[in-house]
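So the chains spell out like this:
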Number of protein chains: 2
Amino acid sequence: MVVAEVKIELKKGVTDPEGMNTKKALNLLGWGVESVRTGKVFHIDLGEEVSEDEADEMVGEMCRRILANPVIQTYEITIEG
Amino acid sequence: MVVAEVKIELKKGVTDPEGMNTKKALNLLGWGVESVRTGKVFHIDLGEEVSEDEADEMVGEMCRRILANPVIQTYEITIEG
């Protein structure tokens, strides 16, 4: 079973309202955090029949086509054997 | 600068409609993925004055109090020095 973990994050400089509000909430509860940035994770089960190299390439294509918005987001793929 | 990465995911058995729809979309585009599970990531900058141990404990407390819902979600903390 080949599972890919994809982490999608906002590029530096892109406003992250959810992160800003999370920071505010944490500060109000007494935690002096400096900043919070948010992102998404996908765990994609690719079945048995793909190699790790194929998986990496395939998931890269998925990110570029539908999972991420390359204008404002970056993606990071980890293949978990 | 101590930054904590927090990965929040749905527990096994909890329905993940976003993951199910992502799987459907990937299948329609011709990728035969078996399943997709989604989650969130937070990067929390805790400033200079906390040790890694303190950071781990503090962020655990944040997860239990506001970042995660322990009934349906799990969290995983990684401290990035």
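Nothing here was measured: the structure is a model prediction, and the numbers come from that model. (Residues numbered from 1 in each chain as written. Chains lettered and ligands numbered in written order. Predicted model: local features only at pLDDT ≥ 70, side-chain atom pairs only at ≥ 80, totals over all residues. Heavy atoms only, no water.)

## Some details on the environment of A:Gly19
Residue and element names in this part refer to chain A. Inspection of the secondary structure puts Gly19 in helix 1 (residues 17-28). Along the primary structure Gly19 and Ser35 are separated by 16 residues, whereas in three dimensions their C-alpha atoms are 7.6 Å apart. For Gly19, the contacting residues outside a window of four places in its chain are Val36 and Thr38. (Helix = DSSP H or I, 4+ residues; strand = E, 2+ residues; numbered from the N terminus. Contact = heavy atoms within 4.5 Å.)

## Topic: the packing of aromatic side chains
Taken as a whole, this structure holds zero aromatic pairs over all chains when the rule is applied. Stacked on the ring of B:Phe42, the Lys or Arg B:Lys40 has its end atom at 5.7 Å from the ring centre. (Phe/Tyr/Trp six-rings, centres within 6.5 Å; stacked < 30°, edge-to-face > 60°. Lys NZ or Arg CZ within 6 Å of the ring centre and 35° of its normal.)

## Quick notes on the sheet that holds strand 1 (residues 3-10) of chain A
Judged by pairing direction, the sheet is antiparallel, and its six strands sit side by side in the order 3(A)-1(A)-2(A)-2(B)-1(B)-3(B) without closing on themselves. Since the sheet does not close on itself, it has two edges, and those belong to strand 3 (73-80) of chain A together with strand 3 (73-80) of chain B, each with one partner. The average undirected angle you get between the axes of adjacent strands in this sheet is 20°. Along the sheet face, helix 2 (residues 52-67) of chain A touches strand 1, strand 2 (35-45) and strand 3 of chain A and points at about 155° away from the line of strand 3 of chain A. Lying on the sheet, helix 2 (residues 52-67) of chain B is in contact with strand 1 (3-10), strand 2 (35-45) and strand 3 of chain B; it crosses strand 3 of chain B at an angle near 155°. (Pairing = 2+ DSSP bridges. Axes fitted to C-alpha atoms, helices over the stretch in contact; angles between N-to-C directions.)

## Remarks on the relation of the copies chain B and chain A
The transformation that overlays chain B on chain A combines an axial shift of 0.0 Å with a rotation of 180°, and the residual RMSD is 0.0 Å. The operation mapping one copy onto its partner corresponds to a two-fold rotation axis. Considering only C-alpha atoms, the part of chain B nearest the rotation axis is B:Lys40, at 2.2 Å. A share of 100% of interface residues in chain B that are also interface residues in chain A marks the association as one of identical surfaces. (Least-squares fit on C-alpha atoms with pLDDT ≥ 70 in both.)

## A closer look at the interface of chain B and chain A
Across the boundary between the two partners, chain B contributes 30 residues, which contact 30 residues of chain A. Of the roughly 2,700 Å² buried between chain B and chain A, counting both surfaces, carbon and sulfur atoms make up 65%. Among the residues chain B hides against chain A, the three largest losses belong to B:Trp31, B:Val41 and B:His43. Together they make up 21% of the total. At the boundary of chain B and chain A, one finds four salt bridges. A salt bridge links A:Glu18 to B:Lys40; its shortest N-O distance comes to 3.2 Å. On inspection of chain B and its partner chain A, the count reaches twelve residue pairs in polar contact (both at pLDDT 80 or more). Within the residue set of the side of chain B that touches chain A, elements represented by two or more residues are strand 1, helix 1 (17-28), strand 2 and helix 2 of chain B. Examining the composition of the side of chain B that touches chain A, we find that eleven residues originate from one element, strand 2 of chain B, more than from any other. Pairing geometry for strand 2 of chain A and strand 2 of chain B, over eleven bridges, is antiparallel. The residue bridging A:Val36 from the neighbouring strand is B:Ile44, located in strand 2 of chain B. (Buried area = accessible area lost by both parts, 1.4 Å probe. Salt bridge = Lys/Arg side-chain N within 4 Å of Asp/Glu carboxyl O. Polar contact = N/O pair within 3.5 Å; in protein donor to acceptor, adjacent residues only side chain to side chain.)

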